[in-house]
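For reference, the chains in residue letters:
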Amino acid sequence: MPMVVGVVAGTAVLAVLALIGLFKMCWRVAEPNEALVISGSKHRTEGLEEGMGFRIVTGRGTLVLPGVQAVRKMSLDLNETELHVDCATHQGIPLKVRGVVIFKVGDDFVSIANAARRFLDQQKLMSERVHNVFAGHLRSIVGGLTVEDMIRDREKLTGQTRAACGTEMEKLGLIVDSLQIHEIEDPTGYIQNLAMPHAAAVQRDARIAQAEANRLATEAEQQSYARMAEATRDSEILQAGYQAERDKAGAKARQAGPLADAAARQEVVVQETRVAELEAHRREQQLQADVRKPADAQAYEKRTLAEAERDARISAAQAKAKETELAAAAEATRVKAAAGAEAEATKARGTAMAAATRATGEAEAASAQARGLAEAEATKARGLAEAEAIKARAAALAENQEAVVAQQLAENWPEIVKAGASAFSSVDNMVVLNGAEGMADMLAKALTMGGTGLGLARQLLASMNQNGQHTNGTSALNGSVPPPAQRVPVDTDKG
């Protein structure tokens with residue numbers, strides 16, 4: 001009996017374990033970032049068309065019959081693809097657009113079903129397909145915009161691209177979480193050229209601001225230096241005043257001892273003088289009592305009468321002198337005022353004449369100096385011009401003697417022709433043979449004779465080149481052309 005119980009219990013345990021194992025084989029759980037696509041039996045999922053033939057499970061578990069149904073996982077994670085698109089704008093300017101697209105499979109069953117039918121076994125190729133979709137639409141949209149529109153309103157480019165790709169992405173079962181245009185490269189430098197005027201204006205304003213700041217800083221520094229100098233001056237003045245007071249106090253201190261000695265000696269002398277005065281006063285009182293009183297009484301009467309008479313005469317004389325003094329003072333004041341006025345007038349006239357004379361002298365000196373400088377400059381210019389002409393003539397002779405000779409002959413050609421024509425001066429009647437040809441031949445011979453100066457000029461130039469005397473050669477060319485030494489033969493009619 002115990003054995004039977006043990007067998008039953010073991011069988012039950014095995015059965016439970018078998019059921020657990022079978023359940024694990026049949027139970028599938030979808031992770032939060034994935035969807036289970038179950039195919040192999042007819043299912044109808046809400047939102048999907050009839051006869052889809054597969055079931056979608058997200059965020060929960062489900063039973064799957066092994067061998068009857070197939071379970072595959074569709075990732076719902078974010079995916080990223082970088083955009084590297086070569087575009088051309090409405091103006092025909094080539095650009096390279098760099099951006100990134102962040103996308104994922106939609107969370108609804110319709111999006112998951114669309115993505116499963118297109119990418120279930122090719123989920124690694126999803127980024128490439130999305131790149132192709134966005135590249136095509138991005139080229140189309142950029143072709144309708146200008147470079148300025150793309151730079152100033154990048155959100156517009158992003159919005160149009162997302163709107164254009166929305167329908168196709170929905171058919172693929174994908175949704176775009178983010179589309180960012182990172183950079184717009186310009187191989188032709190068009191964007192840089194657009195920025196140059198603004199950069200130049202900013203640089204100009206920066207330079208102006210820097211110059212203004214430098215000016216203000218310089219003014220502030222100068223004012224600071226001025227205040228420092230003023231403070232230094234005031235400090236030195238105060239220090240000098242304090243030093244003077246200290247010197248004065250020191251001098252007084254040094255003189256205090258001698259002054260005290262002198263005061264003491266003065267006090268002694270004063271006291272001694274007072275004692276002598278008291279002694280003299282005592283003697284005087286004694287004399288007055290013994291001698292002077294009686295004599296003074298007698299002389300008092302005579303002195304009083306004489307003094308009265310003298311005082312009368314003095315009063316009269318003083319009145320007369322006072323009157324004379326007042327008259328003399330009035331006359332002296334008048335004379336002094338007149339003399340002062342005359343002196344001031346004379347001084348003013350002298351000052352005005354001196355100023356006028358000095359101004360005239362300075363004006364004449366400036367005029368003479370200006371005339372001298374002008375004459376010196378004119379003389380110097382003429383000398384330089386003549387020197388340059390001589391130098392140019394010498395250089396011309398050294399480099400092209402034929403051209404110089406031709407120029408001299410051209411300048412003196414009337415005299416040469418005149419000299420050649422002098423051969424016919426003694427002919428009264430002339431018969432020219434051969435008609436016009438004979439006349440031309442005769443004129444050619446006459447001009448040839450008159451042009452013998454050309455050969456002479458060449459010989460002179462050759463001689464000057466050998467002797468190095470260009471100046472004499474030039475003088476010879478500038479002189480008159482020697483008369484011809486031959487006469488023109490003329491055929492005349494002897495009959």
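About the cut-offs
- Residue positions are counted from 1 within each chain, in the order its sequence is given.
- Where local features are concerned, this predicted model is filtered to residues with pLDDT of at least 70; where side-chain atom pairs are given and counted, the filter is 80 or more; whole-chain, interface and lining totals use all residues.
- Note: side-chain values were computed over all heavy atoms of the structure, leaving out hydrogens and water.
- Helix and strand labels come from DSSP, where a helix needs a run of H or I of at least four residues and a strand needs a run of E of at least two; each type is numbered from the N terminus.
- Partly exposed describes any residue whose relative accessible area lies between the buried limit of under 20% and the exposed limit of over 50%, with all areas from a 1.4 Å probe on protein chains only and scaled to the type maximum.
- Pairs of residues are marked as contacts when any of their non-hydrogen atoms sit within 4.5 Å.
- To be clear on the numbers: accessible area is Shrake-Rupley with a 1.4 Å probe, and residue cover counts the displayed protein chains and nothing else.
- Here, any two strands with at least 2 DSSP bridges between them count as paired.
- Whenever a carboxyl oxygen of Asp or Glu lies within 4 Å of a side-chain nitrogen of Lys or Arg, that contact is scored as a salt bridge.
- Nonpolar core, defined: a set of buried Ala, Val, Leu, Ile, Met, Phe, Trp, Tyr and Cys residues in which side-chain atoms within 4.5 Å join the residues together.
- Here an angle of 0 to 180 degrees is reported between the N-to-C directions of two axes, which are lines fitted to C-alpha atoms, with helices fitted over the stretch in contact.
- In the analysis that follows, any N or O atom pair within 3.5 Å is treated as a polar contact, provided that within protein one partner can donate a hydrogen and the other can accept it, and provided that, for residues neighboring in sequence, both atoms belong to side chains.
- For patches, a residue must show more than 30% relative accessible area and have no salt bridge; joins then use 9 Å for like charges and 5 Å for nonpolar side chains, namely Val, Leu, Ile, Met, Phe, Trp and Tyr.
- Note: pLDDT gives the predictor's confidence per residue, expressed from 0 to 100.
- By definition in this entry, angles of less than 35 degrees are roughly parallel, angles greater than 145 are roughly antiparallel, angles of 65 to 115 are roughly perpendicular, and the rest are oblique.
- Crossings are sorted by hand: turned counterclockwise from the far helix by less than a right angle, the near helix makes the crossing left-handed, and turned clockwise it makes it right-handed.
- Only Asp, Glu, Lys and Arg are considered charged, only Ala, Val, Leu, Ile, Met, Phe, Trp, Tyr, Cys and Pro nonpolar, and every remaining residue, Gly among them, polar.

A.B. asks: Go over the overall build of the protein with me, naming the residues and quoting the values.
C.D. replies: Across its full length, the protein holds eleven helices and eight strands. Burial status across the protein gives 20% buried among its 495 residues. Intrachain contacts of the protein at a sequence separation of at least 6 include 70% that bridge at least 24 residues. Approximately 34800 Å² of the protein is accessible, and the part contributed by carbon and sulfur atoms is 58%.

A.B. asks: Can you lay out the pairing of strand β2 (residues 34-39) for me, pointing to particular residues and giving the numbers?
C.D. replies: When a strand is regular, its side chains alternate between the sheet's two faces. In terms of burial, β2 is a largely internal element, six of the six residues being buried. Alternating residues of β2 divide into E34, L36 and I38 and A35, V37 and S39, and every residue in both groups is buried. Here β2 runs beside strand β3 (residues 54-58); their pairing, made up of five bridges, is antiparallel. From the neighbouring strand, I38 faces β3, where its bridge partner is R55.

A.B. asks: Give a description of the pattern of salt bridges that names residues and reports values.
C.D. replies: According to the stated counting rule, one finds eleven salt bridges in the structure shown. Put simply, R283 and E279 hold a salt bridge, and the shortest N to O gap is 3.8 Å. Taken as a pair, R283 and E279 lie in helix α6 (residues 190-399) at a separation of four residues, close to a single helical turn. By relative accessible area, which is 30% here, E279 ends up partly exposed. Because the salt bridges share partners, they merge into one network encompassing E212, R215 and E219.

A.B. asks: Report on the nonpolar core, specifying residues and quantitative values.
C.D. replies: Core analysis: the largest hydrophobic core is formed by 41 residues, its most contacted members being M74, F134 and L174. Broken down by element, this core gets its largest block of residues, eight residues, from helix α3 (residues 126-143). Every residue in contact with F134, bar those within four places of it in the chain, is listed here: L83, V101, T161, C165, M169, V176 and L179. Formed by five residues, the second largest nonpolar core is a distinct cluster that contains A30, L36, I38 and V64.

A.B. asks: For the sheet that holds strand β5 (residues 70-75), give the residues involved together with the corresponding values.
C.D. replies: Taken together, three strands build an open sheet; the order of strands is β3-β2-β5 and the sheet is antiparallel. Two strands close off the open sheet at either side, each with one partner strand: β3 and β5. Direction aside, the axes of adjacent strands within the sheet are offset by 25° on average. Lying on the sheet, helix α2 (residues 109-119) is in contact with β2, β3 and β5; it crosses β3 at an angle near 120°.

A.B. asks: Help me get a handle on the sheet that holds strand β8 (residues 174-185), residues and values and all.
C.D. replies: In space, the three strands of this open sheet follow the order β6-β7-β8, with antiparallel pairing throughout. On the outer flanks of this sheet lie β6 (79-88) and β8, each paired with one strand and no other. With strand direction ignored, the average angle separating the axes of adjacent strands in the sheet is 25°. The sheet contact formed by strand β7 (residues 94-105) and β8 spans ten bridges and is antiparallel. Looking at β8, one finds that G99 is bridged to I181. Across the face of the sheet, α3 comes into contact with β6, β7 and β8 while running at roughly 30° to β6. Where helix α5 (residues 154-171) meets the sheet, its contacts fall on β7 and β8, and the angle it forms with β8 comes to roughly 145°.

A.B. asks: Tell me about the side chain of T81, and name the residues and values.
C.D. replies: Its place among the elements puts T81 in strand β6. A polar contact is formed between the side chain of T81 and the backbone oxygen of S127, at a distance of 3.4 Å. Not counting residues up to four positions away in its chain, the partners in contact with T81 are G99, V100, V101, F103, S127, V130 and H131.

A.B. asks: Any details on the pairing of β6? Residues and values, ideally.
C.D. replies: Where β6 and β7 come together, ten bridges link them in antiparallel fashion. Within β7, the position partnered with N79 by the bridge is F103.

A.B. asks: So what's going on with a nonpolar patch on the surface? Which residues, and what values?
C.D. replies: Taken together, the side chains of V13, L14, V16, L17 and I20 present a nonpolar region at the surface, about 460 Å² in accessible area. Residue placement: L17 occurs in helix α1 (residues 2-26).

A.B. asks: Give me the lowdown on the side chain of T89, citing residues and values where you can.
C.D. replies: Relative to the helices and strands, T89 resides in the loop between β6 and β7. The exposure class of T89 is buried, given its relative accessible area of 6%. Leaving out residues up to four positions away in the same chain, T89 has contacts with L95, V142, G143, L145, V147 and M150.

A.B. asks: Can you tell me about the confidence of the model for the protein, naming the residues and giving the values?
C.D. replies: Summarising the model, the protein shows a mean pLDDT of 76, and 76% of its residues fall at 70 or more. No element of the protein has a lower mean pLDDT than helix α11 (residues 470-478), which averages 41, and none a higher one than β7, which averages 89. Here residues 468-495 is a poorly scored stretch, pLDDT under 50, and it has 45 contacts once near neighbours within four places are set aside; other chains count.

A.B. asks: An account of the packing of α3 against α5 is needed here, citing residue identities and associated values.
C.D. replies: At a minimum axis distance of 9 Å, the contact between α3 and α5 shows a crossing angle of 135°. The orientation of α3 relative to α5 falls into the category oblique. Relative to α5, the crossing made by α3 is right-handed. Where α3 abuts α5, its residues V130, V133, F134, H137, L138, I141 and V142 lie against L157, Q160, T161, A164, C165, E168 and M169. The residue inventory of the contact of α3 with α5, partitioned by class, reads ten nonpolar, three polar and one charged.

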